[in-house]
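# Report on the structure
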Amino acid sequence: LAHRDSLGRAEVYGDGQVQWLCSGKGILHEEMWSGEECELYQLWINLPQSHKYTDPFTQVFLPHRPDDSFETHLGGSLGSEHDK
């Protein structure tokens, strides 16, 4: 899937990867696929009132690597890599 959003992020993700998008106070986004068969699941969660005006962000989780660690690519100022 190709993701593009109003935060200026453009990325391609797919097999085994998970994208987490928090819309917070607002974000425009789209996902487009190349026409290959794929399964896409979306889960929408209503944020508590205290979090509705947080800055929006996206985050992609990559599948586990053979060394049993994983990378997390984060949007905004949340960081860029974490260990398991």
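A brief report on the enclosed structure follows.

Cut-offs applied
- Residues numbered from 1 in each chain as written.
- Predicted model: local features only at pLDDT ≥ 70, side-chain atom pairs only at ≥ 80, totals over all residues.
- Heavy atoms only, no water.
- Helix = DSSP H or I, 4+ residues; strand = E, 2+ residues; numbered from the N terminus.
- Buried < 20%, exposed > 50% of the residue type's maximum accessible area, 1.4 Å probe, protein only.
- Contact = heavy atoms within 4.5 Å.
- Areas by Shrake-Rupley, 256 points an atom, 1.4 Å probe, with all protein chains shown as cover.
- Polar contact = N/O pair within 3.5 Å; in protein donor to acceptor, adjacent residues only side chain to side chain.

### Here's the deal with the overall build of the protein chain
- Broken down by element type, the protein chain carries zero helices and six strands.
- What you see in the protein chain, going N to C, is helices and strands ordered as β-β-β-β-β-β.
- Expressed as a percentage of the 84 residues in the protein chain, the buried residues total 24%.
- Considering only contacts within the protein chain whose residues lie at least 6 apart along the sequence, 51% involve residues at least 24 apart.
- A total of about 6,600 Å² of accessible surface is found on the protein chain, and carbon and sulfur atoms cover 53% of it.

### Topic: the environment of M32
- Following the sequence through the fold, M32 ends up in strand β4 (residues 29-32).
- Sequence separation of M32 and R4 is 28 residues, and the distance between their C-alpha atoms is 8.7 Å.
- Every residue in contact with M32, bar those within four places of it in the chain, is listed here: L1 and A2.

### A look at the side chain of Q19
- One can find Q19 in strand β3 (residues 18-22).
- Here the side chain of Q19 touches Y13 through a polar contact of 3.3 Å, side chain to side chain.
- If we ignore the near neighbours within four places in the chain, the residues touching Q19 are H3, E11, Y13, E31, T58, Q59 and V60.

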